[in-house]
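What the coordinates show
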Amino acid sequence: MMGSNNGNITIGHVWGIPIQINPSLFVILAILTWTLATSLLPEAYPELNTTSLWLTGLLTAILFFASILFHELAHALIARRNGVPVVSITLYIFGGIAQLGGKPKSPGAEFAVAAIGPASSVLLAGVFWGLNQLFGDRGYFGASTQWLAYINLILAIFNLAPGYPLDGGRILESIVWGITGKQETGVRVAGTAGQIVAYALIAWGAWNVFNGNLVGGIWSVMIGFILHNAATAEKRAFIQQGQLSGTRVSQVMGNVREPEIPAGLMLQDLVEQHILGRGQGSFIVVAAGNPVGVLSLRDVSQVPRADWPLMTAGDVMTPLVDLPRVELNDELLTAVQLMDANQLLQLPVFDGSRLAGLLTRDEVIHHLRVRSEVGS
Ligand SMILES: [Zn+2]
C-alpha cells in the first residue's frame, strides 16, 4: 500500500526501521482490553478483583499487538535479506503493514518474504501454547496465554487466504509467477483472488447480520471492504507501474510552461484574471524575477472566499524548497512515486538549475489514458 504516513505516530526503531502506530490502534486496544477484562478473564477467574482484571486485559492486548509487530518484523527481515529495503512498519486497527521499498526480484524471494509472516504467527502460537502448558494458571495468565495462542493461530490462517493484500495472496502470486514466468500474470491472479476473498467476507458478514449476529457481521463486512480496496489498489498500482516505467518526465510534461504570477498577487485578482478569466489551474509563483513556489486551484479553494481579497499568492503557495525536485530526464515512475508519497498534485521539474515547468497529476492521468487507448 503506497501513501503517506499522515497521522501515524513513530514509537521507535528496530534495525533502523521506523515502527509506527495508527491512532485507530488505541481504539481497538481499548475495545480489546475491555472485552478481555469483562468477559474472557472474569469467566476464567471469577475471584480476580477489577484492577487485576483490567491490568491483565491490557497486558494481554499489548502482547497481541506485539505479536503482530513480530509478524511484520519477520517479513521485514526476510525482505532485507532479499535486497528489498523496508520503509516502515505500521500497526493498524486490522493488523500491520510492512511497507517495502520495492518488490522482491524473483518468485522464490517473493514466496519467502510472504510465507515467513504466517510461519512466524504459527511459531508464536506454539510459544504461547508452551507457556500455557508450562505455567498453567500461575499468576492468572492461563486464560491469556491460551487466548494469545489461539489468536496467533487465527492470524496465521486468516493471512493465508489466497488473495491480495494478504500473505496468502503474495504466496499465490509467487507460485503463478514461478509457473508462468510472468510476474504480471501472478499479480492479476492474486488481485482477482483478493477481490473474491473480500466478496466472500462481505457476503458472510451480511448473512451474519441477517441472522442476528450484528457486531460480528458488520465487522466482517468492514474488513471485506477494506480488503477489496487494497486488492484492487495493489493490482492497479502494479499495472500502472509497468505503464510508467520507460517513460521520461519530459515526454509527459506539457510543452507550455505554467503561467508565472507575482507572489504579491491578491487571491481575488488571481481568481478573476487567471482562473476564471483564462481557465488556468497551476501557477509558478515568482518573487524578484525568480520562481519561489507553486500554487494550484486546490490551494486557493482551501482559503475561505472572504479571505481572497486579503491574502496573496505568496501566502498560500507551496515553497519550492519544501518540494521534492525531479529533472526532465528522470523516470516518470519516480516522479509519480514522489507525488504519491507527498500527496502532491504537481511537482516542479528542473532542467539543470532552471525551473522548466510543473508536472501535474492531470498530465500523468492523461498520459496513462492515451497509453491504454492505444493498447499498450
Ligand atoms: Zn503478513
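Residues numbered from 1 in each chain as written. Predicted model: local features only at pLDDT ≥ 70, side-chain atom pairs only at ≥ 80, totals over all residues. Heavy atoms only, no water.

**Here we look at the overall build of the protein**
Counting its secondary structure elements, the protein contains 13 helices and 11 strands. The dimensions of the protein, computed from C-alpha atoms along their principal axes, are 75 × 55 × 45 Å. When contacts within the protein are restricted to residue pairs at least 6 apart in sequence, long-range pairs at least 24 apart make up 63% of them. Only carbon and sulfur atoms are counted for the fraction: they give 63% of the accessible area of the protein, which is about 19,300 Å². (Helix = DSSP H or I, 4+ residues; strand = E, 2+ residues; numbered from the N terminus. Contact = heavy atoms within 4.5 Å. Areas by Shrake-Rupley, 256 points an atom, 1.4 Å probe, with all protein chains shown as cover.)

**Focus on the domain arrangement of the protein**
Often the size quoted for an interface is simply the accessible area lost on bringing the parts together. Once the domains are mapped, the protein shows domain 1 (9-244) and domain 2 (249-373). Computed from C-alpha coordinates alone, the two centres of domain 1 and domain 2 are separated by 40 Å. (Domains from an automatic or database assignment.)

**Description of the coordination of the zinc ion**
Around a metal, the perfect tetrahedron of four donors has angles of 109.5 degrees, and the perfect octahedron of six donors has angles of 90 or 180 degrees. In this structure, H71 (NE2), H75 (NE2), D167 (OD) and D167 (OD) serve as the protein donors to the zinc ion, at separations of 2.0 to 2.6 Å. Every donor counted, the four donor atoms about the zinc ion form angles of 56 to 151° at the centre, which fits irregular coordination. On the basis of relative accessibility, which here comes to 3%, the residue H71 falls in the buried class. Residue D167 is classed as buried on the basis of its relative accessible area of 6%. (Donors = N, O, S within 2.8 Å, 3.2 Å for Na, K, Ca; no water. Tetrahedral: all angles 85-135°; square planar, octahedral: opposite > 155°, others 65-115°. Buried < 20%, exposed > 50% of the residue type's maximum accessible area, 1.4 Å probe, protein only.)

**Here's the deal with the packing of aromatic side chains**
Evaluation of the coordinates by the stated rule reveals two aromatic pairs. Ring-pair connections join several aromatic residues into one group, and the members of that group are F64, F65 and W147. Here R325 stacks its cationic end above the ring of F350, 3.8 Å away from the centre of that ring. (Phe/Tyr/Trp six-rings, centres within 6.5 Å; stacked < 30°, edge-to-face > 60°. Lys NZ or Arg CZ within 6 Å of the ring centre and 35° of its normal.)

**Focus on the sheet that holds strand β7 (residues 290-296)**
Spatial strand order, β5-β6-β7-β8: four strands in an open sheet with mixed pairing. A single partner strand is all that each edge strand has here, and the edge strands are β5 (260-262) and β8 (318-319). As paired elements, strand β6 (residues 282-287) and β7 share six bridges and run antiparallel to each other. Looking at β7, one finds that V285 is bridged to G293. Strands β5, β6 and β7 of the sheet are contacted by helix α9 (residues 267-278), whose axis makes an angle of about 130° with β6. (Pairing = 2+ DSSP bridges. Axes fitted to C-alpha atoms, helices over the stretch in contact; angles between N-to-C directions.)

**Some words on the sheet that holds strand β11 (residues 354-360)**
Strand pairing in a sheet takes place through backbone hydrogen bonds and is either antiparallel or parallel in direction. On the basis of which strands lie adjacent, the open sheet formed by three strands has the order β9-β10-β11 and mixed pairing. The open sheet is flanked by β9 (326-327) and β11, the only strands paired with a single partner. Bridge count between β9 and strand β10 (residues 346-351): two bridges; the pairing is parallel. Within β10, the residue paired with V326 across the bridge is V349.

**A few points about a nonpolar patch on the surface**
On the surface, a nonpolar cluster with roughly 530 Å² of combined accessible area is contributed by F70, L123, V127, L131, L134 and F135. When you line up the elements, F135 lands in helix α3 (residues 107-135). In this structure F135 comes out as partly exposed when scored by relative accessible area, which is 40%. (Patch = residues over 30% accessible without salt bridge, like charges linked within 9 Å, V, L, I, M, F, W, Y side chains within 5 Å. Salt bridge = Lys/Arg side-chain N within 4 Å of Asp/Glu carboxyl O.)

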